[in-house]
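Tertiary structure, described
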Amino acid sequence: MKKKILFGTIFAALLLLVGCSGGNSSSSSKSSGGNSKNIEVVAKGFQHDFWKAVQSGAKQAAKEQGVTMNFVGPKDETAIAEQLEMLNNAVNKKPGAIALAALDTKAEIDAIKTAQEKGIPIIGFDSGVPNAPKGAVKATASTDNYKAGGIAAQHAYDAIKARIDSSATPPRIGIVSQEVNSLSISQRTGGFIDKMVQLLEANPKIGKGKVAVTGHDKFKNKVNASSAKAIIELRVPADVTDAAGKTEASALLKKNDTICVYGSNEFGAKAIINADDSVGGRIGNTEGKVVAVGFDSGKLQINAIKSDKFLGSVTQNPIKIGYEAVSLAVKAAKGQKVKNIDTGVKWYNKDNVDSKEIKPLLYQ
Amino acid sequence: MASNVSTKNTNNSNKNGSSSNSVISKLKNTFGLQQLIILIVLFLIYGLFAALSPAFRSGSTLTSIFDASYYVGFLALGVTFVIITAGIDLSIGTSMMCAAITGGVVYNQLHAPLWVALLVILAMATAVGCLNGFLVAKLKLPSFIATLGTMMITRGLSSILSNVQTETFPLRGTSDGWYKSIFRTSGDFPTGAIVLIGVAILCAIILNKTRTGRYIFAIGSNREATRLSGVNVVRSEAMAYIIAGFCAGLAGIAYAATYTTIMPGSGAGFEMDGIAAVVVGGTSLAGGVGSILGTLIGTFIMTVLKVGLPYLNLQPHYQIFITGFVVILAVYADIYRNRKKNQ
């Protein structure tokens, strides 16, 4: 008899638990069945500040458009299986559209194809859905990393222009790039190099064909460093550890002709800051120091900007990424034609780092 | 199933010594009742999700539930044997992923045919099972410590063998994509359910119809008494770990077929999903009691919760939170039952 009571209790507790959890969200899932009013968002993460900002943008768009939006993401960017299950769930719910930032397109290809068969449009966001089957992804809301690299180059050039004009030896511009394989980081690096070459060549003191790009085969040009009037040196660490990054950045900072350094993501910027400590403070915004520019944010980089070590950095706009992803998804759900959106980047420095416009975009 | 129940009763009646006929029939009823109860709980949870979310009531959701159940199911079926011996195997999760990534290396880097890679997965995981069996049964290491060690070994080994590279198995539609149809046909029919139930029936036969199975129950009830009665306990106990290893290999194949990409160093935590399914299914961590049917139902309770909760727009941390309660309740039921039995 007692046993029966026990199982009765377990059973009731189970029901209660599941029932409660259902109650919490039943109001938000009530409108399902309407479908085109439902948008599922599957992100690459959830806890990180970056994804929190993406989510807040997505929420804002859902509210403005009057749709129900469900935002999910795996525990980190290695949890491919977890994201696949989330995507499967999203497809099964038959929403009007799915916004997806895929961790691994290959692992998710079945689910993407199923969505396509069921006529559920997919909108890519952040890094999107690279190599997706043709026609499955209607549009992508993401940062134009190549253009973003160019913006960093423009700001760096403005700060070093006077020094180039007065310098007797060919100036050196150093870049620390975490790697050159992933699309986003190599675009940020390549965008910076191309824009910097263009700006330097436009300077009458240097001239066309006089800028040498050295350091890595992927970006190297044919200009001979010994006859060049300006040198861009790219450094790629052997592995993605702070120690290896610091070694490469130190090598750049130790050269006397280096007048500017650029870290093309948080890792690169961190490498420069770590190396600067060990070479005795070469970077800064004052006369005679090496001008440093970065990308993304993070505690070290924000501190470096606030303490006049870094001139400034480029940040993506995660709020806009989320906002545009949901806006595109709503349009696609209605069957309207959609096209890719560049969600843009912002330049931030000491003056605006704490402003209302910039602060929500940064993470510590 | 009747045979399953009767085996356990034999053990219990042995233990109770001079139990009368009425006690046996009472036990029989209660054990039957317990499996019935968890089966009802399973259907009620399913029904509840279906009632709360119209999207849950689709065939494709059922396919998703099956998809998510395969690797947990195989892990749980195998580790049921170990738990019945009153042992534990913490290495099954990482050993499954280590075996799967080794298969990936054999296929991608050594360019072996896919069927060879799949056999390598089974062989690798079975080898880890043999090692566990040797350490626990022969060298008498506590199973918790021995398998904690092999858990770390396999986790590290998967990174070493793969050179910390992700291994991708062939996609559906490519020439080697046939293996995916073992678990789900291109028409979305969950063939894996048949495989899982087939393996479960095989496990039930081994556990209830063979001498090894009966010895495994006996070891869990009283290892010393079993040894004294002339049973080769080392062999039978080791067998439980080897079966757990082989099943981890099956889980590795199921995982590769369902999720395609295997990350190096992953799999830690999967063993707990498997063990939780076994415990929810009514197998006692104290050993000597357990059933394959219960494990199968436990697996589906776990996966219905896992797949169903997001339909209520709950975030993953709520799923883990609620699943935790289910496990605690199930373990309490186990302890409660033992206390009653000893009274």
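Here the structure is a predicted model, which means the values were calculated and not measured.

**Describing the packing of helix H2 (residues 49–65) of chain A against helix H10 (residues 318–333) of chain A**
All names here are of chain A. The N-to-C vectors of H2 and H10 enclose an angle of 40°; their axes lie 6 Å apart at closest approach. As summarised for this structure, H2 and H10 are arranged oblique, according to the angle between their axes. Note that H2 runs across H10; the crossing there is right-handed. Here Phe-50, Ala-53, Val-54, Ser-56, Gly-57, Ala-58, Gln-60, Ala-61, Ala-62, Glu-64 and Gln-65 of H2 come into contact with H10, specifically with Pro-318, Ile-319, Ile-321, Gly-322, Tyr-323, Val-326, Ser-327 and Val-330. Broken down by class, the residue content of the contact of H2 with H10 amounts to 12 nonpolar, 6 polar and 1 charged.

**Looking at the confidence of the model for chain A**
On average, residues of chain A score 87 in pLDDT, and 91% of them reach the 70 mark or higher. In this model residues 1–34 of chain A is a low-confidence stretch, pLDDT under 50, and it forms 41 contacts with partners more than four residues away in sequence or in other chains.

**Considerations on helix H5 (residues 145–166) of chain A**
Residue and element names in this part refer to chain A. In a regular helix each residue adds 1.5 Å, so 22 residues correspond to 32 Å; H5 covers 32 Å between its end C-alpha atoms and thus fits that length. Within H5, the axis deviates most sharply at Ile-160, by approximately 50°. What H5 keeps buried is the set Asn-145, Ala-148, Gly-149, Gly-150, Ala-152, Ala-153, Ala-156, Tyr-157, Ile-160 and Ile-164. Turning to H5, the residues buried within the fold contact strand E6 (172–176), helix H6 (183–202), strand E9 (258–263), strand E10 (291–295), strand E11 (312–316) and strand E13 (345–348). Its side-chain oxygen 3.3 Å from the backbone nitrogen of Tyr-146, Asp-144 forms the N-cap of H5.

**What about the packing of helix H4 (residues 92–108) of chain B against helix H5 (residues 114–138) of chain B?**
All names here are of chain B. In the contact formed by H4 and H5, the axes pass within 8 Å of each other and the chain directions differ by 150°. Here H4 is positioned roughly antiparallel relative to H5, judged by the angle of their axes. Handedness of the H4/H5 crossing: right-handed. Residues Ser-95, Cys-98, Ala-99, Ala-100, Thr-102, Gly-103, Val-106 and Tyr-107 of H4 form the contact with H5, whose own contacting residues are Leu-114, Val-116, Ala-117, Val-120, Ile-121, Met-124, Ala-125 and Val-128.

**Notes on the environment of Ser227(A)**
Residues and elements named next belong to chain A. You can see Ser-227 is positioned in the loop between strand E7 (211–214) and strand E8 (230–235). Residue classification places Ser-227 among the partly exposed residues on the basis of a relative accessible area of 42%. Sequence separation between Ser-227 and Val-211 is 16 residues; the distance between their C-alpha atoms is 9.1 Å.

Cut-offs and rules
- Residues numbered from 1 in each chain as written.
- Chains lettered and ligands numbered in written order.
- Predicted model: local features only at pLDDT ≥ 70, side-chain atom pairs only at ≥ 80, totals over all residues.
- Heavy atoms only, no water.
- Axes fitted to C-alpha atoms, helices over the stretch in contact; angles between N-to-C directions.
- Helix = DSSP H or I, 4+ residues; strand = E, 2+ residues; numbered from the N terminus.
- Parallel < 35°, antiparallel > 145°, perpendicular 65-115°, else oblique.
- Left-handed = near helix turned anticlockwise from the far one by under 90°.
- Contact = heavy atoms within 4.5 Å.
- Nonpolar A, V, L, I, M, F, W, Y, C, P; charged D, E, K, R; others polar.
- pLDDT = per-residue confidence, 0-100.
- Expected span 1.5 Å × (residues − 1).
- Bend = angle between axes of the 7 residues up to and from the residue.
- Buried < 20%, exposed > 50% of the residue type's maximum accessible area, 1.4 Å probe, protein only.
- Polar contact = N/O pair within 3.5 Å; in protein donor to acceptor, adjacent residues only side chain to side chain.

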